[in-house]
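# Fold and geometry: a report
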Amino acid sequence: MLRINEEAPNFTAETSQGTINFHEWLGNGWDVLFSHPKDFTPVCTTELGYMAGLKPEFEKRNCKIMGLSVDPVSSHTKWSVDIEETQGHKVTYPMIGDPTLKIAKLYGMLPAEAGDTCEGRTAADNAAVRTVFVVGPDKKIKLMLSYPMSTGRNFDEVLRVIDSMQLTAKHKVATPVNWRPGDDVIILPAVSDDEAKQKYPGGWKAPRPYLRIVPSPE
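For clarity, every value in this text was computed on a predicted model and none was experimentally measured.

## Let's talk about the packing of aromatic side chains
Tallied over the full model, the rule gives seven aromatic pairs. Consider the rings of F22 and W25, whose centres lie 6.5 Å apart with planes at 25°: the pair is stacked. In this pair, F22 and W25 both sit in helix α1 (residues 22-26), three residues apart, roughly one turn of the helix. For the pair F22 and W25, one class covers both residues: buried. On the numbers, 5.3 Å between centres and 70° between planes, the contact of F34 with F155 is edge-to-face.

## Notes on the pairing of strand β1 (residues 12-15)
Where burial is concerned, the two faces of β1 differ: the one with A13 and T15 is buried and the one with T12 and E14 is not. In this sheet, strand β2 (residues 18-21) lies alongside β1 in antiparallel orientation, the contact comprising four bridges. Residue E14 lies in a different strand from β2, and its bridge partner there is T19. Counting the residues that bridge the hairpin from β1 to β2 gives two residues.

## Observations concerning the pairing of strand β11 (residues 211-214)
Across the two faces of β11 the burial differs, with R212 and V214 buried and L211 and I213 not buried at all. In the sheet, strand β9 (residues 185-187) pairs with β11 via two bridges, with the strands oriented antiparallel. Its bridge partner being in β11, I186 is matched across the sheet by I213. If you look at the hairpin formed by strand β10 (residues 205-208) and β11, you'll find two residues sitting between the two strands.

## Overview of the sheet that holds β9
In spatial order, the strands read β8-β9-β11-β10; together these four strands make up an open sheet with antiparallel pairing. Each end of this open sheet is capped by a strand with a single partner; those strands are β8 (173-174) and β10. When β8 meets β9, the two strands line up antiparallel, connected through two bridges. The residue of β9 that forms the bridge with A174 is I186.

Scoring rules and cut-offs
- Residues numbered from 1 in each chain as written.
- Predicted model: local features only at pLDDT ≥ 70, side-chain atom pairs only at ≥ 80, totals over all residues.
- Heavy atoms only, no water.
- Phe/Tyr/Trp six-rings, centres within 6.5 Å; stacked < 30°, edge-to-face > 60°.
- Helix = DSSP H or I, 4+ residues; strand = E, 2+ residues; numbered from the N terminus.
- Buried < 20%, exposed > 50% of the residue type's maximum accessible area, 1.4 Å probe, protein only.
- Pairing = 2+ DSSP bridges.

Scope: geometric values only; no functional claims are made or implied.
Here it is, written out as structure tokens:
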């Protein structure tokens with residue numbers, strides 16, 4: 001099982017944009033890798049289209065998008081036509097073909113005994129292949145979200161989490177429940193009061209000594 005802050009497994013795969021080595025393709029940026037149990041499934045069709053429309057927002061955050069489906073690239077190409085026609089956005093990010101289930105297994109979405117081909121497998125057989133991975137510039141997994149097939153994923157939430165992670169990576173703060181960009185943040189417990197006074201000379205609100213709330217540094 002993969003865990004937060006472990007290195008995202010590297011792989012080389014055929015995609016709708018040619019052969020890609022994941023770590024090389026990632027470079028020094030962030031990435032959202034989101035998987036699908038099968039092509040031509042209704043919920044995933046809406047998700048792929050929505051992510052295509054959100055692509056500029058991810059790019060503002062130096063974040064790439066890569067999809068994965070347990071079907072060959074030739075099937076993705078046909079599916080992308082449906083996605084554009086029904087969702088109004090053209091898929092311009094790479095879609096990984098995983099017909100041997102290699103990457104789905106590598107990322108712990110399918111068990112080793114699942115076999116080595118997508119042939120004959122239904123979306124229900126691949127129900128666990130519904131995960132969002134956010135990978136940081138250090139190639140480590142920063143976020144994992146798994147959804148049931150019947151529930152469309154909230155990619156606005158993924159953007160919100162990336163905003164939080166990028167902010168907290170730059171400053172010694174954490175973001176509270178339901179935080180949105182511009183909201184108050186929390187000073188990390190590892191930051192002493194003396195150090196905090198240097199960074200926040202205006203002080204902070206502290207309903208408890210361990211709960212120090214300050215305006216967002218950005």
